[in-house]
Amino acid sequence: MSADHLVLRVIMLGLRGFPNVQGGVEVHAEHLCPHLKELGCDVEVIVRSSYMPPDRGDEWHGVRYHRVWCPKTSGLETIVHSFLGVLVAAWQRPDVLHIQAIGPALMAPLARLLGLHVVVTHHGPDYEREKWGRLARMALRAGEAWGMRFSDGRIVISQTIRKLVRDKYGLNSDLIPNGVTLPDVPKSTSVLEKLGLTPGRYVLMVGRLVPEKRHTDLIQAFADARLTGWKLVFVGASEHPDAYTEMLAARAGATAGVIMAGFQCGPRIAGAIRPRGHFRFAILARRFADRAAGSSELRFAGGGQ
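Described in the following lines is the structure provided in the data block. Just so we're clear, the structure is a prediction, and the values are computed from it rather than from any experiment.

What follows deals with the overall build of the chain. Scanning the chain for helices and strands turns up nine helices and twelve strands. Sorting the 305 residues of the chain into buried and exposed places 45% on the buried side. Restricting the contact set of the chain to residue pairs at least 6 apart, pairs at least 24 apart contribute 65%.

Okay, structure coming up:
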């Protein structure tokens, strides 16, 4: 057998693209795929053409892109792209089709029917997110069930999800927690200057603009705290602007000191994180504004300095 036949061919499906595309799964794959390449795998990622135009090139760190069209509509984007992506994978015949997340995993039965070896990574029960309607939640629950039951292999990123899969479906899974690659943090404060921020005098929240992040609770807490000279900065965006993002923009505009910085990546986000006063990251945040007696310190539930 030739050396070429010993190389494991992996096609990844279920993400918009990378690098510097917003989304947890996108960041996960951005770091995972080059490592698989370094281990000797042949890696190709089926990306969404609307997020990865041709001017971004055909590969990155040895990982190839295969662009597939899909409608840029919240309710159809994932399902249409996943369906078309499985057909592409069936034509390409990889050793492994690695599906990311339970939405795209709705296509796991089709992939198996077409003779593909399927691995699904369960990143979390997306059907619990507030942004989805009843039909979308049903599709996500089906995606979870079909992805777990019809895949050849199952990966989970936490003990909580591992227990969920075992309790609901009686199936074992491989636990591979997400890792963290520490970025090179620039010493320059130019990013802060562009946003009108003072080092150590702002609260930073990084994440997609969706209801379960509780941005409005944070705005109210910040307003109640009345911290002179401090600002609250939201870094993140929404791929599909809706009533929540419109309401959030209005609340931010009406509250002194709140800045909507939009999606940031690479050195810009690293430059914003390092000199912050507080970093806010917890989901399902509750109001935390609490002025210590005789102090101007904010106390956070789930944040850190």
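Structure shown, so let's carry the discussion forward.
Let us now look at the side chain of Ser82. In this fold, Ser82 is placed in helix H2 (residues 77-92). When neighbours within four sequence positions are excluded, Ser82 is seen to be in contact with Leu13, Pro104 and Met107.

Moving on to the sheet that holds strand E7 (residues 153-156). Consider a sheet: its strands pair through backbone hydrogen bonds, and that pairing is either parallel or antiparallel. Strand order across the open sheet formed by eight strands is E3-E4-E2-E1-E5-E6-E7-E8, with mixed pairing between neighbours. In this open sheet, the two strands that pair with only one neighbour each are strand E3 (59-60) and strand E8 (174-175).

Every buried residue of helix H7 (residues 215-225) is listed here: His215, Thr216, Leu218, Ile219, Ala221, Phe222 and Ala225. Count one or two residues on from H7 and you reach Arg226, which has phi positive near 50 degrees.

Formed by 27 residues in total, the largest nonpolar core has its most connected members in Leu97, Leu116 and Val165. Of all the secondary structure elements, the ones that give two or more residues to this core are strand E1 (9-13), H2, strand E5 (96-100), strand E6 (118-122), helix H4 (134-150) and helix H5 (159-169). Leu116 has contacts with Val86, Ala89, Ala90, Arg93, Pro94, Leu97, Ala111 and Asp152, leaving out every residue within four places of it along the chain. Within the second largest apolar cluster, 18 residues are counted, among which are Met12, Leu15, Val43 and Ala101.

This brings us to unusual backbone geometry. Of note, the bond from Phe18 into Pro19 is cis; its omega dihedral lies within 30 degrees of zero at 5 degrees. One non-glycine residue, His61, lies in positive phi territory at about 50 degrees. The residue His61 is located in the loop between E3 and strand E4 (63-68) in this model. The class for His61 is exposed, based on a relative accessible area of 54%.

Now for H5. Restricting attention to buried positions, one finds in H5 the residues Ile161, Leu164, Val165 and Tyr169. The arc that holds every buried residue of H5, seen down its axis, measures 95 degrees, which confines them to one face. Relative to its buried face, H5 has exposed residues pointing more than 90 degrees away, namely Gln159, Thr160 and Asp167. Positive phi shows up at Gly170, right after H5, with a value of about 65 degrees.

This model, assessed by the stated rule, comprises two aromatic pairs. Ring centres of Phe18 and Trp60 lie 5.6 Å apart, and the angle between their planes is 70 degrees; this geometry places the pair in the edge-to-face category. Residue Phe18 is located in the loop between E1 and helix H1 (24-38), and its partner Trp60 is located in strand E3; the two are separated by 42 residues in the primary sequence. Its relative accessible area of 21% is what places Trp60 among the partly exposed residues. Centroid distance Phe18 to Tyr65: 6.0 Å. Interplanar angle 75 degrees. Geometry classified as edge-to-face. Here Phe18, found in the loop between E1 and H1, pairs with Tyr65, found in strand E4; they are 47 residues apart in sequence, far enough to count as distant. Tyr65 gets classed as buried once you look at its relative accessible area, which sits at 9%. A connected cluster of aromatic rings, assembled from ring pairs, spans Phe18, Trp60 and Tyr65. Sitting over the ring of Tyr51, Arg16 keeps its end group 5.6 Å from the ring centre.

What counts, and where the lines are drawn
Residues numbered from 1 in each chain as written. Predicted model: local features only at pLDDT ≥ 70, side-chain atom pairs only at ≥ 80, totals over all residues. Heavy atoms only, no water. Helix = DSSP H or I, 4+ residues; strand = E, 2+ residues; numbered from the N terminus. Buried < 20%, exposed > 50% of the residue type's maximum accessible area, 1.4 Å probe, protein only. Contact = heavy atoms within 4.5 Å. Pairing = 2+ DSSP bridges. Core = buried A, V, L, I, M, F, W, Y, C linked by side-chain atoms within 4.5 Å. Arc of directions from axis to C-beta. Phe/Tyr/Trp six-rings, centres within 6.5 Å; stacked < 30°, edge-to-face > 60°. Lys NZ or Arg CZ within 6 Å of the ring centre and 35° of its normal.

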